Amino acid sequence: MNISKEDVVKTLRLARLEVPESELPDLVREFDSIVKYVEAVAAVDLRGVEPLSHGGDARDVFRDDVVTPSLPADVALGNAPDTAGGCFRVPRVIAEPS
Amino acid sequence: MSTTLERWEPVIGLEVHVQLGTATKMFCGCRNLFGAPPNALTCPVCLGLPGALPVPNRRAAELAIRFGLAVGGTIAEVTRFDRKQYFYPDLPKGYQISQDKGPIVTGGTVTTSFFGDGKTIRLIRAHLEEDAGKGQHEESGGSTLVDLNRCGIPLLEIVSAPDLRSAEDAWAYLNELRLTLRTLDISECDMEKGSLRCDVNVSIRPRGTTPFGDRVELKNLNSFRGVERAIRHEIERQAALLEAGGKVELETRLWDDEKGESRLMRKKESAPDYRYFPDPDLPPFAVGRAWVDRVAAEAPELPLKRLERYTSVYGLSDYDAKVLITDPSICRYFEETTALCNDPKNAANWITSELFGLMKGGVSIDDVKVRPTHIAELVALVKDGTLNVRSAREVLAKQYEDPRPAKEWVEKLGLVQVSDRDALVAIVKKGMEMNPKAVADLKAGKEKAAGAIVGYAMKETKGRGNPAILNEILAELLKTF
Ligand SMILES: [Zn+2]
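Overview of the structure. (Residues numbered from 1 in each chain as written. Chains lettered and ligands numbered in written order. Predicted model: local features only at pLDDT ≥ 70, side-chain atom pairs only at ≥ 80, totals over all residues. Heavy atoms only, no water.)

**Focus: the overall build of chain A**
Part 1: What chain A contains, in helices and strands, is 3 helices and 2 strands.
Part 2: Its helices and strands taken in sequence order, chain A reads α-α-α-β-β from the N to the C terminus.
Part 3: Here the C-alpha radius of gyration of chain A, 22 Å, is well above what a compact globule of 98 residues would show, namely 13 Å.
Part 4: For chain A, the C-alpha atoms occupy an extent of roughly 55 × 45 × 25 Å along the three principal directions.
Part 5: Burial statistics for chain A: of 98 residues in total, 18% are counted as buried. (Helix = DSSP H or I, 4+ residues; strand = E, 2+ residues; numbered from the N terminus. Rg over C-alpha atoms; globule rule 2.2 N^0.38 Å. Buried < 20%, exposed > 50% of the residue type's maximum accessible area, 1.4 Å probe, protein only.)

**A few points about the interface of chain A and chain B**
Part 1: Taken together, the 35 residues of chain A in the interface contact 54 residues of chain B.
Part 2: Counting each side, the surface lost to burial between chain A and chain B is near 4000 Å², with a carbon and sulfur contribution of 59%.
Part 3: At the junction of chain A and chain B, the tally comes to 3 salt bridges.
Part 4: Across the contact surface, chain A and chain B share 19 residue pairs in polar contact (both at pLDDT 80 or more).
Part 5: Elements supplying a minimum of two residues to the side of chain A that touches chain B: helix 1 (5-14), helix 3 (73-76) and strand 2 (87-91) of chain A.
Part 6: No other element matches the 5 residues that strand 2 of chain A contributes to the side of chain A that touches chain B.
Part 7: Within the side of chain A that touches chain B, the residues separate by chemical class into 18 nonpolar, 7 polar and 10 charged. (Contact = heavy atoms within 4.5 Å. Buried area = accessible area lost by both parts, 1.4 Å probe. Salt bridge = Lys/Arg side-chain N within 4 Å of Asp/Glu carboxyl O. Polar contact = N/O pair within 3.5 Å; in protein donor to acceptor, adjacent residues only side chain to side chain. Nonpolar A, V, L, I, M, F, W, Y, C, P; charged D, E, K, R; others polar.)

**Thoughts on the sheet that holds strand 5 (residues 95-98) of chain B**
All names here are of chain B.
Part 1: A sheet is described by the order of its strands in space; here 3 strands give the open sequence 5-4-16, paired in antiparallel fashion. Each edge of the open sheet carries a strand with a single partner, namely strand 5 and strand 16 (277-278).
Part 2: Relative to strand 5, strand 4 (residues 82-85) runs antiparallel, the two being bridged by 4 bridges. Pairing of Lys84 across the sheet is with Gln96, part of strand 5. (Pairing = 2+ DSSP bridges.)

**Focus: the coordination of the zinc ion**
All names here are of chain B.
Part 1: Bound to the zinc ion are the protein donor atoms Cys28 (SG), Cys30 (SG), Cys43 (SG) and Cys46 (SG), situated 2.3 to 2.4 Å from the metal.
Part 2: What the 4 donor atoms of the zinc ion show is an angle range of 101 to 115° at the metal, which sorts the shape as tetrahedral.
Part 3: Donor residues binding the zinc ion come from one chain and are separated in sequence as C-x1-C-x12-C-x2-C. Here Cys28, found in the loop between strand 1 (8-19) and helix 2 (44-47), pairs with Cys46, found in helix 2; they are 18 residues apart in sequence, far enough to count as distant. Across the pair, exposure class does not vary: Cys28 and Cys46 are buried alike. (Donors = N, O, S within 2.8 Å, 3.2 Å for Na, K, Ca; no water. Tetrahedral: all angles 85-135°; square planar, octahedral: opposite > 155°, others 65-115°.)

**Describing the pattern of salt bridges**
A side chain with one charge can pair with a side chain of the opposite charge if their charged atoms come near.
All names here are of chain B.
Part 1: According to the stated counting rule, one finds 46 salt bridges over all chains in the structure shown.
Part 2: A salt bridge links Asp281 to Arg83; the nearest nitrogen and oxygen atoms lie 3.2 Å apart. Here the residue Asp281 occupies a position in the loop between strand 16 and strand 17 (285-286), and Arg83 occupies one in strand 4, the gap between them amounting to 198 residues.
Part 3: With a shortest N-O distance of 2.8 Å, Arg229 and Asp257 are connected by a salt bridge. Note that Arg229 is positioned in helix 5 (residues 224-243) and Asp257 in the loop between strand 14 (251-256) and strand 15 (261-267), a separation of 28 residues in sequence.
Part 4: What emerges from the salt-bridge pattern is a single network uniting Glu234, Arg237, Glu251, Arg253 and Lys267.

**Let's talk about a nonpolar patch on the surface**
Residues and elements named next belong to chain A.
Part 1: Among the surface-exposed residues, Ile34, Tyr37, Val38, Val41, Val44, Leu46 and Val49 lie close enough to one another that they form a single nonpolar patch of about 750 Å² accessible area.
Part 2: Within the secondary structure, Leu46 is located in the loop between helix 2 (24-39) and helix 3.
Part 3: Residue classification places Leu46 among the exposed residues on the basis of a relative accessible area of 53%. (Patch = residues over 30% accessible without salt bridge, like charges linked within 9 Å, V, L, I, M, F, W, Y side chains within 5 Å. Areas by Shrake-Rupley, 256 points an atom, 1.4 Å probe, with all protein chains shown as cover.)

**Quick word on the environment of B:Pro92**
Residue and element names in this part refer to chain B.
Part 1: Here Pro92 shows up in the loop between strand 4 and strand 5.
Part 2: We classify Pro92 as partly exposed; its relative accessible area is 33%.
Part 3: Distance in space between the C-alpha atoms of Pro92 and Ser270 is 22 Å, their sequence separation being 178 residues.
Part 4: If we ignore the near neighbours within four places in the chain, the residues touching Pro92 are Cys46, Leu47, Gly48, Leu148 and Cys151.

Purely spatial values, then, with no claim about function.
So this is what it looks like as structure tokens:
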């Protein structure tokens, strides 16, 4: 597959990243080479092989429903660039979540 | 001119999110609690700090399985978690852990036995996920304040098939679903506290046709009645659009219950691209037969089973049984009372007619000072003849304000029933002398006439006469009078 400028712009928008227009051609080329590199895997014949969702052997890992201590609120907020009223203060995002 | 509903058939499906009633969050040991000070219930996992690893809560999975069994759905043999990615400040990881491909429950049905006309609504799926935090837009300054206490609370998302055909259907379905979830202790389902949230998909099609119309998703629904109002409004909106030659757009709209109208939130073209993929931090898990059996064995009784037991074993009327069952806290209160007095019929009576009569203005039975022990004691005191019903009622009214034991109130108010035969004989005799017409009527077979004489005796005993003994004496005296 060939990566287009639109693919890069969409990816940047989804990641909320701002990149100057002048840097886009470089990104298109780099994205393209990464995808091509990974595409080499597609050459392997996988007929009859179950899709794998996880690499490890771990299964059925659970914890009991038992309370463990939470962080004190001031510690939780400790790395935040901005806080107000015990809350993280962040720039407003207009689009609504799911 | 025909009505909108005569021309158009609505097709409605609901997506309901409920917070599971666990002690801790879905993937960390932080408390699952509403109303704590902001950001008091967080840890590296639910803050989404780099390197923190989620471990699923077994109890949350069990409650999901319990739900699946209750609705007759299929429990996945192997299920897994996926990442649903979107950018929003209440979601610190940048993705929500959810289940896309392999939901823990598929299928199942909900039947509106208690709140509707017995219609069966199919479920598509129910899956586990984690809740997001809460953001509040600042009034000035254009910032958002984020509280992550809610972030990571386990959710079950329950998706119905588009089987609902009216706003009333949707209301009945929601109530029925909540009854099941509350009776089974899966979720509190309190919309005000956000432990139940609901989105609605609505489309309409000309009556008598089968293809689905384009659907609109409604969000921001804050009460079951609000859901009903929003659906009614949306049906009218779509019908007006189509009848004016326009078309319904695939879009998401926000309902404003105060204004009674909806506004556009986003068009389909700007629908988010969630880029689901299996969460590499969370291995798949198998739900073996043994686990399912264990969950089934410890699950509380379903509402319909309970109805059957109350009517056939307890001998309650269908109506009384439903009054008790449709509110799980009342039901619990009734069960406790019955366990103490071993008299379900009288327990039900005292609760639904006498106690309810005292509870005013939406008081919850959990906040009432009169407890099951009080009701059970009154039932016993009436049964053993210490109190007549009228006096017991008086005691209950006093206890409602001051819940001291019935025996104390009985003594204080001098309410012990007068069962002393000689004293009562004298009073009944006097009553007969004062009411010759009633006596004549009684002799002529008009049994109602006894009321005048028994009433007199009750007045004389200040309401404490034992009515059974009074009637007995009257019958006896009549033979010789
Ligand atoms: Zn946590």
